[in-house]
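Inside the fold
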Amino acid sequence: MDHYSFWQDLFDTYQSFPDWMQLLWLLVPPGFLLALIGLFMHYRLAARRSGPGEKLAYTIYAGRNGRLHIYAHEGAPPLPVDQAQLKLPDKQATEFDELLDVLDPP
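Residues numbered from 1 in each chain as written. Predicted model: local features only at pLDDT ≥ 70, side-chain atom pairs only at ≥ 80, totals over all residues. Heavy atoms only, no water.

Glancing now at the overall build of the protein chain. The helix and strand inventory of the protein chain stands at 3 helices and 2 strands. Ordered by position from N to C terminus, the α and β elements of the protein chain give α-α-β-β-α. Here the protein chain holds 106 residues, and 8% of them are scored as buried. For the protein chain, the share of sequence-separated contacts (at least 6 apart) that also reach a separation of at least 24 residues comes to 22%. Just so you have it, the protein chain exposes about 9800 Å², and 63% of that area is on carbon and sulfur atoms. (Helix = DSSP H or I, 4+ residues; strand = E, 2+ residues; numbered from the N terminus. Buried < 20%, exposed > 50% of the residue type's maximum accessible area, 1.4 Å probe, protein only. Contact = heavy atoms within 4.5 Å. Areas by Shrake-Rupley, 256 points an atom, 1.4 Å probe, with all protein chains shown as cover.)

Set out below in structure tokens:
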């Protein structure tokens, strides 16, 4: 084991691969890196479009019982209306029924 070399073993394994697998082995890592850079740049551009000081203030979801639940995120100003006055209009069931079961059990 004195003469074992990881790199020699790796390159020997690489040379024994078929040509299509060698090509795939060469193209996948740079493709993965380009995809990560693309995702990062997409996030940066979207963050710039939202404005420098804009943050999410409130999240509102509706319970099955007709009540609106308002979650105020950190730094959100107080609501100007009484939360008891907010009513959910009559509507059909939505695709979020499973989420509502988790957030507001019947």
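This part takes up the packing of aromatic side chains. Applying the stated criterion across every chain yields a total of 4 aromatic pairs. Pairing F17 with W25 gives two aromatic rings, centres 5.8 Å apart and planes at 75 degrees, and the pair type is edge-to-face. Taking the relative accessible area as the measure of exposure, F17 reaches 27% and is therefore partly exposed. Put simply, the rings of F6, W7 and F11 pair up and form one aromatic cluster. (Phe/Tyr/Trp six-rings, centres within 6.5 Å; stacked < 30°, edge-to-face > 60°.)

Here the protein chain averages 75 in pLDDT, while 65% of its residues score no lower than 70. When the elements of the protein chain are averaged for pLDDT, helix 3 (residues 97-103) gives the smallest value, 53, and helix 1 (residues 6-16) the largest, 91. (pLDDT = per-residue confidence, 0-100.)

In this structure, strand 1 (residues 58-62) lies alongside strand 2 (residues 68-72), joined through 5 bridges in antiparallel fashion. Opposite T59, over in strand 2, you have Y71 as the bridge partner. Counting the residues in the hairpin turn of strand 1 and strand 2 gives 5 residues, including G66, whose phi is positive at 95 degrees. (Pairing = 2+ DSSP bridges.)

The next subject is the side chain of Q22. When you line up the elements, Q22 lands in helix 2 (residues 19-49). Discounting chain neighbours no more than four positions away, the residues touching Q22 are Y14, Q15 and F17.

For the rest of this paragraph, the subject is a nonpolar patch on the surface. On the surface, a nonpolar cluster with roughly 520 Å² of combined accessible area is contributed by L33, L34, I37, F40 and M41. One can find L33 in helix 2. (Patch = residues over 30% accessible without salt bridge, like charges linked within 9 Å, V, L, I, M, F, W, Y side chains within 5 Å. Salt bridge = Lys/Arg side-chain N within 4 Å of Asp/Glu carboxyl O.)

Another point: the environment of A72. With respect to the element layout, A72 can be found in strand 2. For A72, a relative accessible area of 44% translates into the label partly exposed. Remark: the alpha-carbon pair of A72 and Y58, spanning 14 residues in sequence, is separated by 4.6 Å. When neighbours within four sequence positions are excluded, A72 is seen to be in contact with A57 and Y58.

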